[in-house]
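Survey of secondary and tertiary structure
Given next are the chains, with one letter for each unit.
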Amino acid sequence: MRSIRLVPLLTAAVLTWAGAASAAEFEVSMLNMGKHGMFQLEPSFLKVAPGDTVHFVAKDKGHDVESIPGMLPDGAEPFKGQMNKDVTVTFTKPGVYGIKCNPHYGMGMVALVVVGDPGSNLKAAESANQPGKAKKAFEELFKQIGQ
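Structural notes, computed from the coordinates.

Rules used in this analysis
Residues numbered from 1 in each chain as written. Predicted model: local features only at pLDDT ≥ 70, side-chain atom pairs only at ≥ 80, totals over all residues. Heavy atoms only, no water. Helix = DSSP H or I, 4+ residues; strand = E, 2+ residues; numbered from the N terminus. Buried < 20%, exposed > 50% of the residue type's maximum accessible area, 1.4 Å probe, protein only. Areas by Shrake-Rupley, 256 points an atom, 1.4 Å probe, with all protein chains shown as cover. Phe/Tyr/Trp six-rings, centres within 6.5 Å; stacked < 30°, edge-to-face > 60°. Pairing = 2+ DSSP bridges. Contact = heavy atoms within 4.5 Å. Axes fitted to C-alpha atoms, helices over the stretch in contact; angles between N-to-C directions. Core = buried A, V, L, I, M, F, W, Y, C linked by side-chain atoms within 4.5 Å.

Moving on, we get to the overall build of the protein. Scanning the protein from terminus to terminus reveals three helices and eight strands. Moving toward the C terminus, one meets the helices and strands of the protein in the order α-β-β-β-β-β-β-β-β-α-α. When burial is assessed residue by residue, the protein has 41% of its 147 residues classed as buried. Accessible area for the protein stands at about 8600 Å²; split by element, carbon and sulfur atoms hold 58% of it.

This next bit is on the packing of aromatic side chains. Using the criterion set out here, one finds four aromatic pairs in the structure. Ring centres of Phe 91 and Tyr 97 lie 4.7 Å apart, and the angle between their planes is 75 degrees; on these two criteria the pair is classed as edge-to-face. With relative accessibility at 2%, the residue Phe 91 sits in the buried group. By relative accessible area, which is 3% here, Tyr 97 ends up buried. Joined through ring pairs, the aromatic side chains of Phe 56, Phe 79, Phe 91 and Tyr 97 make up one cluster.

Looking now at the sheet that holds strand 5 (residues 66-67). The strand order across the open sheet formed by four strands is 3-8-7-5, and the pairing between neighbours is mixed. A single partner strand is all that each edge strand has here, and the edge strands are strand 3 (45-48) and strand 5. As paired strands, strand 3 and strand 8 (residues 110-115) are joined by four bridges and run parallel to one another. Within the sheet, the bridge partner assigned to Val 48 lies in strand 8 and is Val 115. Sheet strands in contact with helix 3 (residues 132-143) are strand 3, strand 7 (95-100) and strand 8, and its direction is about 30 degrees off that of strand 8.

In terms of nonpolar packing, the biggest core is built from 23 residues, with Leu 41, Phe 56, Val 65, Phe 79, Phe 91, Tyr 97 and Ile 99 touching the most fellow members. Counting residues per element, the ones that place at least two in this core are strand 1 (25-34), strand 2 (37-42), strand 3, strand 4 (53-58), strand 6 (87-90), strand 7 and strand 8. Among residues more than four places away in sequence, those in contact with Ile 99 are Leu 41, Phe 56, Val 65, Glu 66, Ile 68, Phe 79, Met 109, Val 110, Ala 111, Val 113 and Phe 138. Among the nonpolar cores identified, the runner-up in size contains 16 residues, and Tyr 105, Leu 112, Val 114 and Phe 138 belong to it.

This part is about unusual backbone geometry. Omega for the peptide link from Glu 42 to Pro 43 comes to -5 degrees, which places this bond in the cis form. In this fold, Pro 43 is placed in the loop between strand 2 and strand 3. Positive phi values are uncommon outside glycine, yet Phe 39 reaches one of about 50 degrees. Within the secondary structure, Phe 39 sits in strand 2. For Asn 84, which is not glycine, the phi torsion reads 65 degrees and is therefore positive. With respect to the helices and strands, the residue Asn 84 is situated in the loop between strand 5 and strand 6.

Looking now at the pairing of strand 6. The two faces of a sheet get side chains in turn, since along a regular strand they alternate between them. Residues Val 87 and Val 89 of strand 6 are buried on one face, while the alternating residues Thr 88 and Thr 90, pointing to the opposite face, are not. Pairing between strand 4 and strand 6: four bridges, direction antiparallel. Opposite Thr 53, over in strand 6, you have Thr 90 as the bridge partner.

Structural data, given as structure tokens:
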């Protein structure tokens, strides 16, 4: 009798461990000077799977990261990091996430993270209003979704 009750528990434990083992981790650097100019999140485009984690690393001072309102899938939790601090985000909801460095947003210091299928909020994210150079940066980032 006892072994029959353990089977569901062991199965659940194995499935939980297998799901956690398949999750990937990525790193995005907050930089004063990147490959494409000043004030960059590098890489600025990521395709990840639900459950994957992204570490936003403050390599240079004067930066933070946060999600952009209007550029999150329904039910996704917005996040906001602190200045000069690393931020780790596990993305669970499929869709498109717009990310910005608040002090350098208008200068184009943005990133786009696509989690699984972007369809849930792609149109809304593309139509979000962007200041200054962020508008052109996002136009280029959205082109990468189909590649």
